[in-house]
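# Examination of the molecular architecture
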Amino acid sequence: MFQIGPSLREARTRRGLSPGDVHKAIRIRERYLSALEEERWEQLPGDAYIKGFLRTYAEFLGLDGQLYVDEYNHRFSRPDEGPAVPETLRRSSRRGGSGRMLRAAAALVVVAALAAGIAAWRHGGAQPNPTLPGAAAAAAPRHRTKPPARPKPAPAKPKPTSTVIRAATDDSWLSVRIGGPTGREIYRGILVRGGQLRFGLARPIWVRMGRPEALEITIGGSQVASLPQTPANLLLTRDGARAA
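None of the values given here were measured: they were computed from a predicted structure. (Residues numbered from 1 in each chain as written. Predicted model: local features only at pLDDT ≥ 70, side-chain atom pairs only at ≥ 80, totals over all residues. Heavy atoms only, no water.)

As a further point, take the overall build of the chain. Counting its secondary structure elements, the chain contains 8 helices and 9 strands. Across the 244 residues in the chain, those meeting the buried criterion constitute 27%. The contacts in the chain between residues at least 6 apart in sequence include a share of 59% that link residues at least 24 apart. When the accessible area of the chain is evaluated, it comes to approximately 17,200 Å², of which 56% is carbon and sulfur surface. (Helix = DSSP H or I, 4+ residues; strand = E, 2+ residues; numbered from the N terminus. Buried < 20%, exposed > 50% of the residue type's maximum accessible area, 1.4 Å probe, protein only. Contact = heavy atoms within 4.5 Å. Areas by Shrake-Rupley, 256 points an atom, 1.4 Å probe, with all protein chains shown as cover.)

Moving on, we get to the packing of aromatic side chains. Evaluation of the coordinates by the stated rule reveals 5 aromatic pairs. An angle of 25° between the planes, with centres 5.6 Å apart, marks the rings of Tyr32 and Phe53 as stacked. With Tyr32 in helix 3 (residues 30-37) and Phe53 in helix 4 (residues 47-60), this pair connects stretches of sequence that are 21 residues apart. By relative accessible area, Phe53 is classed as buried at 15%. Every member of this aromatic cluster is reached through a ring pair, and the members are Tyr32, Tyr49 and Phe53. In this arrangement the basic side chain of Arg15 is found over the ring face of Phe60, its NZ or CZ atom lying 5.5 Å from the centre. (Phe/Tyr/Trp six-rings, centres within 6.5 Å; stacked < 30°, edge-to-face > 60°. Lys NZ or Arg CZ within 6 Å of the ring centre and 35° of its normal.)

Per the stated rule, a full pass over the model turns up 12 salt bridges. Its salt-bridge partner being Arg75, residue Glu71 comes within 3.6 Å of it at the nearest N-O pair. Taken together, the positions of Glu71 and Arg75, both in helix 5 (residues 65-75) and 4 residues apart, correspond to about one turn of that helix. Residue classification places Glu71 among the buried residues on the basis of a relative accessible area of 10%. (Salt bridge = Lys/Arg side-chain N within 4 Å of Asp/Glu carboxyl O.)

On to a nonpolar patch on the surface. A cluster of nonpolar side chains, namely Trp173, Ile190 and Val192, defines an oily patch on the protein surface of about 290 Å² accessible area. Relative to the helices and strands, Ile190 resides in strand 3 (residues 185-191). (Patch = residues over 30% accessible without salt bridge, like charges linked within 9 Å, V, L, I, M, F, W, Y side chains within 5 Å.)

Our focus in this paragraph is the sheet that holds strand 9 (residues 240-243). Read across the sheet, 5 strands follow the order 3-2-5-8-9 without closing on themselves; strand pairing throughout is antiparallel. At either end of the open sheet lies a strand with only one pairing partner, and these are strand 3 and strand 9. Geometrically, the sheet is characterised by an average inter-axis angle of 20° between neighbouring strands, direction not taken into account. In the sheet, strand 2 (residues 172-178) pairs with strand 3 via 6 bridges, with the strands oriented antiparallel. Looking across to strand 3, one finds that Ser175 is bridged to Arg188. (Pairing = 2+ DSSP bridges. Axes fitted to C-alpha atoms, helices over the stretch in contact; angles between N-to-C directions.)

Bringing the environment of Arg198 into the picture now. Within the secondary structure layout, Arg198 lies in strand 4 (residues 196-200). Here Arg198 falls in the exposed class, since its relative accessible area comes to 57%. Measuring from C-alpha to C-alpha, the distance between Arg198 and Ile219 comes to 9.9 Å, with 21 residues separating the pair along the chain.

One non-glycine residue with positive phi stands out, namely Arg27, at about 60°. If you trace the backbone, Arg27 turns up in the loop between helix 2 (19-26) and helix 3. With a relative accessible area of 62%, Arg27 lands in the exposed category. At Glu39, a residue that is not glycine, the phi angle is positive and equals roughly 55°.

What follows deals with the packing of helix 1 (residues 4-14) against helix 4. At a minimum axis separation of 10 Å, helix 1 and helix 4 run at an interaxial angle of 35°. In the packing of helix 1 onto helix 4, the handedness of the crossing is left-handed. Taken together, the residues of helix 4 that come into contact with helix 1 (itself represented by Ile4, Leu8 and Arg12) are Leu54, Tyr57 and Ala58. Grouping the amino acids of the contact of helix 1 with helix 4 by side-chain chemistry returns 5 nonpolar, no polar and 1 charged. (Left-handed = near helix turned anticlockwise from the far one by under 90°. Nonpolar A, V, L, I, M, F, W, Y, C, P; charged D, E, K, R; others polar.)

Quick look at helix 5 now. Buried residues of helix 5: Gly65, Tyr68, Val69, Glu71 and Tyr72, and no others. Buried residues along helix 5 cover an arc of 160° about the axis, so they all sit on one side. Elements in contact with the buried residues of helix 5: helix 1 and helix 4. The backbone nitrogen of Gln66 lies 3.2 Å from a side-chain oxygen of the residue at the head of helix 5, namely Asp64. (Arc of directions from axis to C-beta. Polar contact = N/O pair within 3.5 Å; in protein donor to acceptor, adjacent residues only side chain to side chain.)

Laid out in structure tokens, this is it:
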């Protein structure tokens, strides 16, 4: 057994601390610190606070906080008192007749309330049963959300229907056949500078060019790029031009 309060005061003074210094560090009021050091337990809020203050104060001073709490419990702690029974209940427990009268009065009140409710129902008509929020949600019709409409694809660009061969920079010899090199020849001759020929592309057009570098060939208004620099053959279709 040891003295709780004096040992706390001794540890504080040994460290050169004032009650104000301790208050700033652990936020326990100075008057409570003094009460702890002088063991004036009645000036503290209660057992729970006393034990908390003791543990915090002791550990701040480098002491064993649990040891101080155990010492306080052994010497000073008071057992918790049960809740006091109100005087009115103690009197009623002695006189059972009064309790029975109170219960009878309560029953009469309940009967009167039921009778008033039935009368109100008869005069006012049946009231609709309240619907619970969950039931209302279940009874409500479910509306299916339509999936967003898919954007319609852009209409396909129509394919060109004709090609134009023009002698842009000089004269050029040409042979033009339908379908391929063995197809029916529909033109043979020299296309003079500035002249042009137009052919439909319902079927591919095969062209033998003597001077491709002098020509300008378009398919549906789009110019065929990079014509050869020497005599060559081209197959012109609605999808474009390729060497043949």
